[in-house]
Amino acid sequence: MAQLNYPSDLKYARTDEWVRLEGDIATIGISDFAQDQLNDVVFVELPEVGTEVKKGEPFGTVESVKAASDLNAPVTGTVTEVNDAVRDNPELINSDPYERGWLIKVKVSDPDSLNDLMDSAAYAKYNEPRM
Amino acid sequence: MTYIPHTDVERQQMLAAIGVTTIEDLFEAVPSTHRFPKLDLPAGVSEMEIAAEMLALSEANDHAQDFAIFRGAGAYHHFIPSALNHILLRGEFYTAYTPYQPEVSQGTLQATFEYQSMMCALTGMDAANASHYDGGTSLAEAVTVALEVSRHKRKKIVLSHAIHPQYRAVVRTYHQGNGVEITGDEGMASLAELTDLIDDNTALVAVAYPNFFGQIEDFSELVEKAHAAGALVAFVINPIALGLLKTPGSLGADIVVGEAQPLGIPLGFGGPYLGFFGVRKEYVRRIAGRIVGETTDKNGKRAYVMTLRPREQDIRREKATSNICTNQGLMALAAAIYLSLMGKHGLRKVAELCYHKAHYAADRIDALEGFDVDRSKPFFHEFVVKCPLPVAKINRALIDKGIIGGYDLSQDYPELENHMLVCVTEMNSKEEIDALVEALSEVNVQ
């Protein structure tokens, strides 16, 4: 079984999205666990800049050869940037889920929306029964 | 003759394996009063007797071959080359049910891929699915795609009244209860009036090409306004007409749907028919239905597979592009065979014959006292005739002469009392057309 990686400087949602918070900008992607479960990602559908995202609600889709899953917003805010590289090369989500495989950046409008996100250790524990 | 392969010995073995004495014991859960109801069926008859009974029943119907047919309205009488059935009715094609495992279905998958490719070439679309039930269902799916593309933020669907009335009814049935406003076809709006309805709440505008009345319209302004407003445009087409007309793709269509029955499928008392669905590349992930793709296997050899599967409901569940995950495989194959047999030139020839014969018929009917052909717009192989009597009455007189007259438009359009929709195809000889004209002239005298 692949050794899955959960960087300690990130926060994680129960729906497997990760958040890197810098000031009030949250960079969002999907975790190593998610990309491993999905297998080869072939397509990702992302919102446009300016779209309002609400915590817990879908903001896009990630499609692999075997499944198409919703991407759920781990925070509430407005989309400021979208990763075009990932649209053209969706395999980046598999090979580099935390760096080049980032999906969107959101200007957080409700800082409380991050309160229930897990840290790296809690997320690793959360995943144990799911492996 | 028994059709069940198990022997009594095998039955006893199976019952013993599960710890039950008789087969009747397996139905203990059903209340005794309902367990083995009396069915009161007549006694079984021999194959010879049943064949005679079925033959007698079938002779109660008239056959298409017994009449000169001048009716279309969504179901068209065209010639089916005999080579088509020789290929279509081969057991490997005819008996297979959803043959999509690439390991054992390369033949069917390739044929479906060819069907998809040919329909794309015919319509100017980038991708087509493996078909839907019929033209009406395809249009309903086009609405679904448009709503999806707008992420359900747009709720208005604008339909031309000149789309087949039954297709519009299917769209309404399909989308009832999902908060969609379907409008534009309440009366007999002009293209300009239809175009005026387009706003930034419009997800889709749909028009027919040729339309239900056989007419060919210029949709350029409508398409321009729709795209400017961010709405998608769907064309409902007749594939034979596309042997002659410009492709919907070249005219700005985003989605092309229609009834492909004219491509080698018999009238068949209304079915099975063939719903065609094609889109521009950017929408291919949103469409319903099966899609066959071309790829290479692990040895680098070309192979065909079902592709873009995660859209479908067995994977995506309530977020699937549709609840439909089947197609009209055999009919799509028939269409593919027909198009291959006809080729580009053959299809054009069929279209030309339809066009010219229809125009000859229109000229002769128009010259009749009391009959007025609508020539306000160019038409393909159907045209509207204003008659001196109710269409139903005229058709009763025509049937006695071995002629199936045109469609009674008053059934669907109250404004079109006494208006008949006449269709002429390559199947109508000059003699048949002249006989129709003669019969119509006699009907008026009554």
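Cut-offs applied
Per chain, residues are indexed from 1 in the order of the written sequence. Written order decides the labels, with chains lettered from A and ligands numbered from 1. A pLDDT threshold of at least 70 governs which residues receive local features in this predicted model, and a stricter bar of 80 or more applies before side-chain atom pairs are shown or counted, although totals over entire chains, interfaces and linings include all residues. A helix here means a DSSP run of H or I that spans at least four residues, while a strand means a run of E at least two residues long, and both kinds are numbered starting from the N terminus. Atoms counted for the radius of gyration: C-alpha only. Globule rule: 2.2 Å times the number of residues to the power 0.38. Burial in this document is a count-based property: other C-beta atoms within 10 Å of a residue's C-beta are tallied, and the residue is buried at 20 or more, exposed at 12 or fewer, or partly exposed in between, with C-beta positions derived from the backbone. Residues are treated as contacting if the C-beta atoms built from their backbones sit within 7 Å of each other. Domain extents, as shown, originate in an automatic or database domain assignment. Under the scheme applied, nonpolar residues are Ala, Val, Leu, Ile, Met, Phe, Trp, Tyr, Cys and Pro; charged residues are Asp, Glu, Lys and Arg; polar residues are all the others, including Gly. Each residue gets a pLDDT score, which is the predictor's confidence in that residue and runs from 0 to 100. For two strands to be treated as a pair, DSSP must find no fewer than two bridges joining them. Angles here are taken between N-to-C directions and fall from 0 to 180 degrees, while the axes themselves are lines fitted to C-alpha atoms, restricted in helices to the stretch in contact. Crossings are assigned a handedness: left-handed for a near helix turned anticlockwise from the far helix by less than a right angle, right-handed for a clockwise turn. The cut-offs work like this: below 35 degrees is roughly parallel, past 145 is roughly antiparallel, 65 to 115 is roughly perpendicular, and the gaps in between are oblique. Defined on buried residues, the nonpolar core groups Ala, Val, Leu, Ile, Met, Phe, Trp, Tyr and Cys residues joined through C-beta atoms within 7 Å.

Focus: the overall build of chain A
For step 1, the next point in the chain: Helix and strand content of chain A: four helices and nine strands.
For step 2, the next point in the chain: In chain A, the order of α-helices and β-strands from amino to carboxyl end is β-β-β-α-β-β-β-β-β-α-α-β-α.
For step 3, the next point in the chain: Relative to the 2.2 N^0.38 estimate, which gives 14 Å for 131 residues, the radius of gyration of chain A is 13 Å and therefore close to what a compact globule would have.
For step 4, the next point in the chain: In chain A, which comprises 131 residues, the proportion classed as buried is 39%.
For step 5, the next point in the chain: Taking the contacts inside chain A whose residues are at least 6 apart along the sequence as the reference set, 63% of them involve residues at least 24 apart.

Let's talk about the overall build of chain B
For step 1, the next point in the chain: When helices and strands are counted, chain B shows 14 helices and 15 strands.
For step 2, the next point in the chain: Across the 446 residues that make up chain B, the buried fraction comes to 43%.
For step 3, the next point in the chain: A separation threshold of at least 6 residues defines the contact pool for chain B, and within that pool the share at least 24 residues apart is 73%.

Quick word on the domain arrangement of chain B
All names here are of chain B.
For step 1, the next point in the chain: Under the domain assignment, chain B is made up of domain 1 (64-79 + 343-445) and domain 2 (82-338).
For step 2, the next point in the chain: On a C-alpha basis, the centres of domain 1 and domain 2 stand 28 Å from each other.
For step 3, the next point in the chain: Taken residue by residue, the interface counts 25 residues in domain 1 and 20 residues in domain 2.
For step 4, the next point in the chain: Mapped by element, the contributors of at least two residues to the side of domain 1 that touches domain 2 are α12 (329-366) and β12 (382-386).
For step 5, the next point in the chain: Among the elements that make up the side of domain 1 that touches domain 2, the one with the highest residue count is α12 (seven residues).
For step 6, the next point in the chain: For the side of domain 1 that touches domain 2, a count of residues per class yields 15 nonpolar, four polar and six charged.

Overview of the confidence of the model for chain B
For step 1, the next point in the chain: Looking at chain B, pLDDT values average 94 and 98% of them are 70 or higher.
For step 2, the next point in the chain: Interface scoring of the predicted complex returns ipTM 0.71; its pTM is 0.86.

Re the sheet that holds strand β4 (residues 181-183) of chain B
Two pairing modes exist for strands in a sheet, parallel and antiparallel, and in both the strands are linked by backbone hydrogen bonds.
Residues and elements named next belong to chain B.
For step 1, the next point in the chain: Read across the sheet, seven strands follow the order β2-β8-β7-β6-β5-β3-β4 without closing on themselves; strand pairing throughout is mixed. In this open sheet, the two strands that pair with only one neighbour each are β2 (127-128) and β4.
For step 2, the next point in the chain: Relative to strand β8 (residues 275-279), strand β7 (residues 255-259) runs antiparallel, the two being bridged by five bridges. Across the sheet, the residue bridging to I255 is V279, located in β8.

Examining the packing of helix α6 (residues 106-123) of chain B against α12(B)
Residues and elements named next belong to chain B.
For step 1, the next point in the chain: One way to put it is that α6 packs onto α12 with a least axis distance of 9 Å and a crossing angle of 65°. Between α6 and α12 lies a crossing of left-handed hand. Along the contact surface, α6 presents A111, T112, E114, Y115 and M118, while α12 presents A332, L333, A335, A336 and L339.
For step 2, the next point in the chain: Each residue belonging to the contact of α6 with α12 can be placed in one class, and the counts come to eight nonpolar, one polar and one charged.

Observations regarding the pairing of strand β8 (residues 77-82) of chain A
All names here are of chain A.
For step 1, the next point in the chain: Two elements, strand β5 (residues 52-53) and β8, share two bridges in a ladder whose sense is antiparallel. By the bridge assignment for β8, E52 is matched with T78.
For step 2, the next point in the chain: Summarising the sheet, β8 and strand β9 (residues 104-108) pair through five bridges and their orientation is antiparallel. Along β9, the bridge assignment pairs G77 with V108.

Details of the interface of chain A and chain B
For step 1, the next point in the chain: If you look at the interface, chain A gives four residues, while chain B gives five residues.
For step 2, the next point in the chain: Across the side of chain A that touches chain B, the residue classes break down as three nonpolar, no polar and one charged.

A short note on helix α1 (residues 8-18) of chain B
For step 1, the next point in the chain: In terms of residue burial, α1(B) counts as a barely covered element, since only zero of its 11 residues are buried.
For step 2, the next point in the chain: Phi turns positive, to about 80°, at B:G19, one or two residues after α1(B).

Quick look at the sheet that holds β12(B)
All names here are of chain B.
For step 1, the next point in the chain: What the four strands build is an open sheet, ordered β11-β12-β15-β14; its pairing is antiparallel. Bordering the open sheet on either side are β11 (372-373) and β14 (407-408), each of which pairs with just one other strand.
For step 2, the next point in the chain: Here β12 pairs with strand β15 (residues 419-423) via five bridges, running antiparallel. Pairing of V385 across the sheet is with M420, part of β15.

Topic: the packing of helix α7 (residues 135-149) of chain B against helix α8 (residues 165-174) of chain B
Residues and elements named next belong to chain B.
For step 1, the next point in the chain: Direction vectors running N to C along α7 and α8 enclose 50°, while the axes themselves pass 8 Å from each other. Between α7 and α8, the angle falls in the class oblique. The two elements α7 and α8 cross, and the hand of that crossing is right-handed. Listed contacts from α8 to G135, G136, T137, L139, A140 and V143 of α7 are Q166, Y167, V170, V171 and Y174.
For step 2, the next point in the chain: Of the residues belonging to the contact of α7 with α8, the class tally is seven nonpolar, four polar and no charged.

Some details on the nonpolar core
For step 1, the next point in the chain: Counting residues in hydrophobic clusters, the biggest one holds 123 residues, and the most contacted among them are B:L204, B:A234, B:V236 and B:A335.
For step 2, the next point in the chain: Tallying contributions element by element places α12(B) first for this core, with 19 residues.
For step 3, the next point in the chain: Built from parts of two domains, this core gets at least three residues from each of domain 1 (64-79 + 343-445) and domain 2 (82-338) of chain B.
For step 4, the next point in the chain: Other than its neighbours up to four places away in sequence, B:A335 contacts B:Y115, B:A260, B:L263, B:G264, B:I265 and B:L274.
For step 5, the next point in the chain: Within the second largest apolar cluster, 31 residues are counted, among which are A:W18, A:F33, A:V41 and A:V106.

A look at unusual backbone geometry
For step 1, the next point in the chain: Note the cis peptide between B:Y209 and B:P210, where omega equals -5°.
For step 2, the next point in the chain: Tracing the chain through its elements places B:P210 in the loop between β5 (202-209) and α10 (220-228).
For step 3, the next point in the chain: Geometrically, the link from B:G271 to B:P272 is a cis peptide bond, its omega value of -5° lying close to zero.
For step 4, the next point in the chain: With respect to the helices and strands, B:P272 occurs in the loop between β7 and β8.
For step 5, the next point in the chain: We note that A:D16 has phi near 75°; this positive angle belongs to a residue other than glycine.
For step 6, the next point in the chain: Tracing the backbone shows A:D16 in the loop between β1 (11-12) and β2 (17-22).
For step 7, the next point in the chain: The backbone phi angle of B:S131 is positive, close to 105°, even though this residue is not glycine.

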